[in-house]
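Results of the structural survey
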Amino acid sequence: MSKFYHGLNSLDLLKKKSTAKSKEGVRLAFAAIKSAAANSNWNFNNKLQLLEAEQLSLTHHHRQTIVLYDASIASAKRSGFIHEQGLACEKAGFYCKRMKNNEKALEYFNQARE
């Protein structure tokens, strides 16, 4: 689990400034979560999708990014990981806010509170 959170933090750092250390943190997180998802998809798929959404958000492929956030939210919900569902909603909300889609951001933030 620490690799997952380290990956999210590294991606947040990459949004501000691209460094070799942050890129390596993302690479290591993806490797660990992909391996874990291969062994326990129901437990790690939502985490992998959230990392993918966060990485894709750096490239501004809006539609694909939203699809991945929504997939992560749905996967976390199916697995009963309400805290990770809330985290994915918040991350999606902040992404929409950065993209100036305040209405959609508010939807995600409200969903995170449920």
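Here goes a summary of the coordinates provided. Bear in mind that the values here come from a model prediction, so they are computed numbers and not experimental data. (Residues numbered from 1 in each chain as written. Predicted model: local features only at pLDDT ≥ 70, side-chain atom pairs only at ≥ 80, totals over all residues. Heavy atoms only, no water.)

**A closer look at the pattern of salt bridges**
The line we're drawing: A side-chain nitrogen of Lys or Arg and a carboxyl oxygen of Asp or Glu constitute a salt bridge if their distance falls within 4 Å. What counts as a helix is a DSSP run of H or I of at least four residues, what counts as a strand is a run of E of at least two, and both are numbered from the N terminus. Three exposure classes are used, based on accessible area relative to the maximum for each residue type with a 1.4 Å probe and protein chains only: buried under 20%, partly exposed in between, and exposed over 50%.
Applying the stated criterion across every chain, the model contains seven salt bridges. Linking Asp12 and Lys91 is a salt bridge whose minimum nitrogen-to-oxygen distance equals 2.9 Å. In this pair, Asp12 sits in helix H1 (residues 2-16) while Lys91 sits in helix H5 (residues 82-98), placing the two residues 79 residues apart along the sequence. Judged by its relative accessible area of 23%, Asp12 is partly exposed. Through salt bridges with shared partners, one network takes in Asp12, Lys15, Glu54 and Lys91.

**Section: the packing of H1 against H5**
How two helices pack is summed up by the angle between their axes together with the distance between the axes. Applied cut-off: Throughout, an axis means a line fitted to C-alpha atoms (over the contacting stretch in the case of helices), and angles, computed between N-to-C directions, take values from 0 to 180 degrees. Orientation labels follow simple angle bins: below 35 degrees gives roughly parallel, above 145 gives roughly antiparallel, 65 to 115 gives roughly perpendicular, and whatever is left gives oblique. A contact between two residues is defined here by any heavy atoms of the two lying within 4.5 Å. Ten residues, namely Ala, Val, Leu, Ile, Met, Phe, Trp, Tyr, Cys and Pro, are considered nonpolar, four, namely Asp, Glu, Lys and Arg, are considered charged, and the remaining ones, Gly among them, are considered polar.
Orientation of H1 relative to H5, taken along the N-to-C sense of each, is 10°, at an axis distance of 14 Å. It follows from the interaxial angle that H1 and H5 lie roughly parallel. Contact with H1, carried on its side by Phe4, Tyr5, Leu8, Asp12 and Lys15, involves Glu84, Leu87, Lys91 and Arg98 of H5 and no other residues of that element. Split into classes, the residues belonging to the contact of H1 with H5 amount to four nonpolar, no polar and five charged.

**A look at helix H3 (residues 41-57)**
The cut-off we apply is this: Residue count minus one, scaled by 1.5 Å, sets the expected span of a helix.
Between its terminal C-alpha atoms H3 stretches 23 Å, which fits the 24 Å expected from 17 residues at 1.5 Å a residue. The buried count for H3 comes to twelve of 17 residues, which makes it a mostly enclosed element. Tucked into the core, H3 has its buried residues touching H1, helix H2 (20-39), helix H4 (62-79) and H5.

What is shown is where atoms sit, not what they do.
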